[in-house]
Amino acid sequence: MEWFKNIYEWLLSLFWSTELDITLLGLQNAGKTSLLKAICGSDFTPDSIPTVGFAMKRVKVGRVTLKCWDLGGQPRFRSMWERYCRGVNAVVFILDSADPSTFDTAKTELHSLLEKESMEGIPLLVLGNKNDIADAIPVDKVIQTLGLKEITDREVSCYSISVKEANNLSAVLKWLIANRKT
Ligand SMILES: Nc1nc2c(ncn2[C@@H]2O[C@H](COP(=O)(O)OP(=O)(O)O)[C@@H](O)[C@H]2O)c(=O)[nH]1
Ligand SMILES: *[C@@H]1O[C@H](CO)[C@@H](O)[C@H](O)[C@H]1NC(C)=O
Ligand SMILES: [Mg+2]
């Protein structure tokens, strides 16, 4: 539908013109790179940060900076996370909601991240990705599985999305524009 596409494009331009520093995290295979590509389109040209020592991608478009890396499996780089999360306007945590084998680790990683001093008060958006897959758990199950009700010290929201089908990507952009910590 043409009008729908235009609203999405209008939202995207509003998004890129908002001063935003966002960290996008999740386990490997959750859909981080796909999400970056989906919202950046042809502007997707990440720089890697060679001095960092772990695989972080950074994309800058307009007034938005998105920093992204895999959680899990690299505990010795945890101090780096502090550095790259400090002062961000929002944290986006993405889960593969169709892969139950990752749920426990995802919950542990998310909660240990939120304990970090640099994360204090930073709004959190949790995305249950791959809702185009029949087995994907619905949003209430994502909330339960990740223990999101236990998080009471900040703004938390959760959407069920599909990067592949572009389900709820508008809601993600709207949330980030409206709920960023300024
Ligand atoms: N079915 C489906 N597959 C997806 C979706 N998003 C990502 N994928 C696939 O999941 C795999 C991992 O995605 P990727 O973006 O590389 O995950 P990352 O490791 O978090 O960066 C790839 O094969 C993607 O094509 C989605 O919404 N639905
Ligand atoms: C959008 O997100 C809401 C809340 O997570 C969910 O109930 C709904 O099914 C999602 N819609 C689509 C099209 O994915
Ligand atoms: Mg990736």
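Residues numbered from 1 in each chain as written. Chains lettered and ligands numbered in written order. Predicted model: local features only at pLDDT ≥ 70, side-chain atom pairs only at ≥ 80, totals over all residues. Heavy atoms only, no water.

Per an unreviewed UniProt entry, the protein carries the name YALI0E11803p and comes from Yarrowia lipolytica. The UniProt entry for the protein carries the following text under Sequence similarities (unreviewed entry): "Belongs to the small GTPase superfamily. Arf family." (UniProt positions renumbered as here; feature names shortened; annotations may be inferred.)

A.B. asks: With reference to specific residues and values, describe the overall build of the protein.
C.D. replies: In terms of helices and strands, the protein carries six helices and seven strands. Along the protein, helices (α) and strands (β) appear in the sequence α-β-α-β-β-β-α-β-α-β-α-β-α when read from the amino end. Computed over the C-alpha atoms, the radius of gyration of the protein is 15 Å, within 12% of the 16 Å expected from 2.2 N^0.38 for a compact globule of 182 residues. Counting only contacts in the protein whose residues sit at least 6 apart along the sequence, the fraction spanning at least 24 positions is 73%. Carbon together with sulfur atoms contributes 50% to the accessible area of the protein, which is approximately 9,200 Å² in total. Each charge sign in the protein was given a centre, from 22 positive and 22 negative side chains, and these centres are 4 Å apart. (Helix = DSSP H or I, 4+ residues; strand = E, 2+ residues; numbered from the N terminus. Rg over C-alpha atoms; globule rule 2.2 N^0.38 Å. Contact = heavy atoms within 4.5 Å. Areas by Shrake-Rupley, 256 points an atom, 1.4 Å probe, with all protein chains shown as cover. Lys, Arg positive; Asp, Glu negative; His and termini not counted. Charge placed at Lys NZ, Arg CZ, Asp CG, Glu CD.)

A.B. asks: Residue-level account of the UniProt feature "binding site: Mg(2+)" (unreviewed entry) in the protein, with values.
C.D. replies: In this numbering, the UniProt entry assigns the feature "binding site: Mg(2+)" (unreviewed entry) to Thr33 and Thr51. Here Thr33 shows up in helix 2 (residues 32-40). In this structure, Thr33 is in contact with Phe44 and Lys57, ignoring residues within four places of it in sequence.

A.B. asks: Could you give me a rundown of the site of ligand 2, with the residues and numbers involved?
C.D. replies: Close to ligand 2 lie Asn131, Val139, Cys158, Tyr159, Ser160, Asn167 and Asn168, which account for all nearby residues. The separation between an oxygen atom of ligand 2 and a polar side-chain atom of Asn131 is 2.8 Å. Separating an oxygen atom of ligand 2 from a backbone N or O atom of Ser160 is a distance of 3.0 Å. Summarising the interface, the protein chains cover 53% of the accessible area of ligand 2, which totals 360 Å² for the free molecule. Split by residue class, the shell around ligand 2 holds three nonpolar, four polar and no charged. (Near = heavy atom within 4 Å. Polar contact = N/O pair within 3.5 Å; in protein donor to acceptor, adjacent residues only side chain to side chain. Nonpolar A, V, L, I, M, F, W, Y, C, P; charged D, E, K, R; others polar.)

A.B. asks: A description of helix 4 (residues 103-114) should follow, citing residues and the corresponding values.
C.D. replies: Compared with an ideal rise of 1.5 Å per residue, which puts 12 residues at 16 Å, helix 4 spans 17 Å between its outermost C-alpha atoms and is within 8% of the ideal. Within helix 4 the residues assigned to the buried category are Phe103, Ala106, Glu109, Leu110, His111, Ser112, Leu113 and Leu114. For helix 4, the elements touching its buried residues are strand 1 (20-27), strand 4 (64-71), helix 3 (78-85), strand 5 (90-96), strand 6 (124-129) and helix 5 (139-145). (Expected span 1.5 Å × (residues − 1). Buried < 20%, exposed > 50% of the residue type's maximum accessible area, 1.4 Å probe, protein only.)

A.B. asks: Would you mind going over the side chain of Asn129 in detail, with residue names and values included?
C.D. replies: In this fold, Asn129 is placed in strand 6. For Asn129, a relative accessible area of 3% puts it in the buried group. A polar atom in the side chain of Asn129 sits 2.9 Å from the backbone oxygen of Ala30. Setting aside residues no more than four positions away along its own chain, Asn129 makes contact with Ala30, Gly31, Ile94, Leu95, Asp96, Ser97, Ala98, Ile161, Ser162 and Val163.

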